[in-house]
Amino acid sequence: MSITSPALASLYVAVGGGTGALARYQMGRAMTAWLGPQPMAIFPWATLAVNTIGSLAMGILAGLLLRIGGETDMWRLLIGVGLLGGFTTFSAFSLEMAMLIQRGQIGLAGIYALLSLGLGVTGLIFGLTVSRIGA
């Protein structure tokens, strides 16, 4: 199905995103119930699981959409952008890295990985620092 309306496209993303965010929250709860709070405090098991599962799902989705071809906007928006985006943005990062590597742009993939990690962590530390000013 082709998406012709920005409102309809946004609806697909919103429904998928809400579902993905709920699934991520439930994954954290399930992992804590399974492993207990102590292991979860020591290592981010739930985030590792979500990133791994989300990346696997993104790979399957991308492969299926390429094989199906044609009008796949609805599924890309609902599952790829929405569901997996709400579940984990790491899946999008993994797909983009794989695309750069498959195109032979290894240097660019390395730069993207370093910038994503470096700027992400730096941005978080900066945000924490700013939020503590005057506290």
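If you're wondering where the values come from, they're calculated on a predicted model, not measured in any experiment.

Points about the packing of aromatic side chains
Working step 1: Under the defined criterion, the tally for this structure stands at 3 aromatic pairs.
Working step 2: Through a chain of ring-to-ring contacts, the aromatic side chains of Phe 90, Phe 93 and Tyr 112 assemble into a single cluster.

Regarding the UniProt feature "transmembrane region" (unreviewed entry) in the chain
Working step 1: According to UniProt, the feature "transmembrane region" (unreviewed entry) maps to residues 42-65, 77-100 and 106-130 in the numbering used here.
Working step 2: Across residues 106-130, the secondary structure splits into 100% helix and 0% strand, with the terminal C-alpha atoms separated by 35 Å.

Side note on the UniProt feature "binding site: Na(+)" (unreviewed entry) in the chain
Working step 1: With numbering aligned to this structure, UniProt lists the feature "binding site: Na(+)" (unreviewed entry) at Gly 85 and Thr 88.
Working step 2: Looking at Gly 85, the relative accessible area reads 30%, which means it is partly exposed.
Working step 3: Looking at where Thr 88 falls in the secondary structure, it is placed in the loop between helix 4 (73-87) and helix 5 (90-102).
Working step 4: Overall, the relative accessible area of 3% leaves Thr 88 in the buried class.
Working step 5: Not counting residues within four places of it along the chain, the set of residues in contact with Thr 88 comprises Arg 24, Val 50, Asn 51 and Gly 54.

Concerning the environment of Ala 57
Working step 1: Inspection of the secondary structure puts Ala 57 in helix 3 (residues 45-68).
Working step 2: The exposure class of Ala 57 is partly exposed, given its relative accessible area of 26%.
Working step 3: Taking the C-alpha atoms as reference points, Ala 57 and Gly 69, 12 residues apart in sequence, are found 18 Å from one another.

Cut-offs and rules
Residues numbered from 1 in each chain as written. Predicted model: local features only at pLDDT ≥ 70, side-chain atom pairs only at ≥ 80, totals over all residues. Heavy atoms only, no water. Phe/Tyr/Trp six-rings, centres within 6.5 Å; stacked < 30°, edge-to-face > 60°. UniProt positions renumbered as here; feature names shortened; annotations may be inferred. Helix = DSSP H or I, 4+ residues; strand = E, 2+ residues; numbered from the N terminus. Buried < 20%, exposed > 50% of the residue type's maximum accessible area, 1.4 Å probe, protein only. Contact = heavy atoms within 4.5 Å.

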